[in-house]
Amino acid sequence: MNARTSMSVAGGAALTIYALFFASSYDQRILTLSGIYVILVLGYQFIFGHAGALSLAQGAFFGVGAYTTGILGSKFGADFLLTFPLSIVVAATLAALVSLPVLRLKTHYFALATLALSQLLLLVAINWEPVTGGANGLPGVPPVTILDWKLTRGLPLLTFVWAIVGMAMVIAHMQMRAGRVAAFTVMRETPLAAPSFGIDSGMLRLRAFLLSAAFGGAAGALFVHTNRVVSPETLGFGVMITCLTMTVVGGRFGILGAVIGALLLTHLPEWFRGFDEYYLVAVGILLLAAVVFAPEGIVALIAPAKAPHENDKPSLHTQSKRASATKPSRLALEAIDLAKSYGGVRALDGVTLSFGPGEIVGVIGPNGAGKTTLANVLTGLTPVDQGTIRLGGRDITNTPAHIIARMGLARTFQTPQLPNALTVRDLVETTQRAHGMSPAADEALDLLTIRSIADARCDTLPHGLRRQVEIARAIATNPGILVLDEPAAGLSPDEQDEIAAICISLSASGMAILLIDHNIEFLSPCVSRLICMEAGRVIADGASDETLTNPDVRNAYFGVISS
Ligand code: ATP
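Direction vectors running N to C along helix α8 (residues 178-189) and helix α16 (residues 424-434) enclose 100°, while the axes themselves pass 9 Å from each other. Put simply, α8 runs roughly perpendicular to α16. Facing α8, whose interface residues are G179, A182, A183 and V186, α16 presents L427, T430 and R433. A per-class count over the contact of α8 with α16 returns four nonpolar, two polar and one charged.

Next up, the structure:
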């Protein structure tokens, strides 16, 4: 049994004994509220923790659940079996409706948009008096009633709420199985690159947002059954701040973090009541200390994340054999008259090129020539203004990057894009899962001779290995086309030879490779063709020698003025 499980079992047993034998009816009420907040925080962990998006709408979803149950219960005497699922559905439906415009927004814009949603709902609740009861809210919300069985406050309600907390924990656990957590980690830590790993970031964010809303709605519904009144306070910013604080203090990930955060924050004010008017100051100081000394949440202090393995930092050359090759699908890539401008800068200006199975095509050009932009538009990360791109004969112009990746076009980045918190194996297998493959990292790691670092966290790797891991991640899905953006940058000559040998071995198995680099010594031995770009145009495309002796290339790239 690991530390977290033992702690959870011991804590659960202690809480049960406390609730059954020692808690007063007031204590039982606080414990009931704690359970409700556990559900709210578990939901918030999906969007704030796993998706890494600062949503300020969790309080709004709580309020929507509260009002759904409050209105149906107080006005129509509706049964819990109807109001509870409806509270969840209404909150999730609201999230689905606002997700289209809101989920596309980044960072603080997303936070502001979700805050605006909360404020809007608060205004509706206050002003739509005939339905919501206005500023006074609606009294007379019935207790939880299932068929003819009415749950009284105290131990019955406490037990019922914690039973639902148990169900919420099971759902959260099932939703966050290891593979999906890893996909969220990739999306959160390498957001720009994740789509080219085949990860559908939009769907992941949507899933997280809907789950957070559903859990929020459920918590709000239980809250009004506990308070027996629904008021605009349930939609107020206070609920949101409480939820955010609980999540930050307890932990952004995992059930134990949610329980610790919710229990602590609901009980702290009670423990400090003796300080009279200074109790808020005392609570504030304690919270500040928690955030400063446990930035990853108290749960990380109690049960820290697993340490990286011993063999985290092997040198690039300590590995042994290299496997023969992968089994890529055979694809050709064709780009016709591509144009892309950024304001007045024409990053691509009528670029046409094509290459196919077994070819390694080098791309050189001075800084700012448009090489990375070319990689970005070919892989779908940047939309083109004009032109056509075909992959295996299919038009993929401006197709979303994760779809292009799944069709067999993989890439690496100028600066390796590796999620710090994942191990090498997790990263490779997450990419394979995103492609609908069963996870099996060993073959790709063997090909790069890096199986010995499979269990090392990415953030512990030196630069040379980071490049190798990126390539292993890219080829692990057997792509037909591989685009490598400056794979030799920052590597020693020996390390560059390793990468060149890997490219030759991959192309021998039928993979088509576009190799962008500045380094002619690195490119020359492995490329079958060399393209030179300048100011967004292809100024030469031919055999390596031809391109290198082309007067325009010598002019643009080497600064040699040909006579
Ligand atoms: P380097 O060798 O330095 O990486 P490059 O050949 O890859 O250069 P790009 O990065 O594709 O060149 O840039 C081509 C031009 O487009 C440059 O003038 C650059 O400043 C501009 N550019 C590229 N991306 C953007 C962007 N997102 N916004 C604005 N301008 C951009």
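So that's the structure; there's more coming.
With that settled, consider the pattern of salt bridges. Enumeration according to the criterion identifies 14 salt bridges in this entry. Between D442 and R451 there is a salt bridge, with the nearest N and O atoms lying 3.3 Å from each other. Accessibility expressed as a relative area gives 39% for R451, which makes it partly exposed. Between D459 and R457 there is a salt bridge; the shortest N-O distance is 2.7 Å. Accessibility expressed as a relative area gives 35% for D459, which makes it partly exposed. When its relative accessible area of 23% is taken as the criterion, R457 is described as partly exposed. Taken together, the salt bridges that share partners define one network made up of R425, E429, D442, D446, R451 and D455.

What follows is about the site of the ligand. Of all residues adjacent to the ligand, which total 14 residues, the nearest are G368, G370, K371, T372 and T373. One of the backbone N or O atoms of G368 is found 2.9 Å from an oxygen atom in the ligand. Secondary structure elements with two or more residues in the shell around the ligand: β6 (345-355) and α14 (371-378). Looking at the shell around the ligand element by element, the count peaks at three residues for α14. Split into classes, the residues belonging to the shell around the ligand amount to five nonpolar, seven polar and two charged.

With domains assigned, the chain is organised as domain 1 (28-238) and domain 2 (333-562). The gap between the C-alpha centroids of domain 1 and domain 2 is 43 Å. Buried area between domain 1 and domain 2, summed over both chains or domains, comes out near 1400 Å², and the portion from carbon and sulfur atoms is 69%. On the surface where domain 1 and domain 2 come into contact, there are five residue pairs in polar contact (both at pLDDT 80 or more).

Right, let's talk about the sheet that holds strand β10 (residues 409-411) for a bit. An order of β10-β11-β12-β7-β13-β14 is seen for the six strands of this open sheet, with the pairing classed as mixed. The open sheet has two free edges, formed respectively by β10 and β14 (537-542), since each of these has just one partner strand. With strand direction ignored, the average angle separating the axes of adjacent strands in the sheet is 20°. In terms of strand pairing, strand β7 (residues 360-364) meets strand β12 (residues 512-516) through four bridges, oriented parallel. Among the inter-strand pairings, V363 is bridged to a residue of β12, identified as I516. The strands touched by helix α19 (residues 493-508) within the sheet are β7, β11 (481-485) and β12, with β12 carrying the most contacts at an inclination of about 155°.

Turning our eyes to something else, we now look at the sheet that holds β6. Strands in a sheet are paired, the pairing made by backbone hydrogen bonds, and the direction either parallel or antiparallel. The four strands are arranged β6-β5-β8-β9 in an open sheet whose pairing can be described as antiparallel. Every interior strand has two partners, whereas the edge strands, β6 and β9 (394-395), have only one. With two bridges connecting them, strand β8 (residues 386-391) and β9 associate as antiparallel partners. Among the inter-strand pairings, L391 is bridged to a residue of β9, identified as R394. Docked against the sheet, α14 engages β5 (333-342), β6 and β8, running at close to 120° with respect to β5.

Turning next to unusual backbone geometry. Positive phi, normally seen in glycine, also occurs at D337, with a value near 55°. Turning to its location among the elements, D337 is positioned in strand β5. Taking the relative accessible area as the measure of exposure, D337 reaches 35% and is therefore partly exposed. In this model, E486 sits at a positive phi of 50°, which is unusual for a non-glycine residue.

Turning our attention to the side chain of T32. Positionally, T32 belongs in helix α2 (residues 25-50). Residue classification places T32 among the buried residues on the basis of a relative accessible area of 2%. Apart from the residues lying within four places of it in its own chain, the contact partners of T32 are L157, L158, V161, W162 and T226.

This part covers the side chain of S507. Secondary-structure assignment places S507 in helix α19. Setting aside anything within four residues of it in sequence, one finds S507 in contact with G358, I360 and I513.

What counts, and at which threshold
- Residues numbered from 1 in each chain as written.
- Predicted model: local features only at pLDDT ≥ 70, side-chain atom pairs only at ≥ 80, totals over all residues.
- Heavy atoms only, no water.
- Axes fitted to C-alpha atoms, helices over the stretch in contact; angles between N-to-C directions.
- Helix = DSSP H or I, 4+ residues; strand = E, 2+ residues; numbered from the N terminus.
- Parallel < 35°, antiparallel > 145°, perpendicular 65-115°, else oblique.
- Contact = heavy atoms within 4.5 Å.
- Nonpolar A, V, L, I, M, F, W, Y, C, P; charged D, E, K, R; others polar.
- Salt bridge = Lys/Arg side-chain N within 4 Å of Asp/Glu carboxyl O.
- Buried < 20%, exposed > 50% of the residue type's maximum accessible area, 1.4 Å probe, protein only.
- Near = heavy atom within 4 Å.
- Polar contact = N/O pair within 3.5 Å; in protein donor to acceptor, adjacent residues only side chain to side chain.
- Domains from an automatic or database assignment.
- Buried area = accessible area lost by both parts, 1.4 Å probe.
- Pairing = 2+ DSSP bridges.

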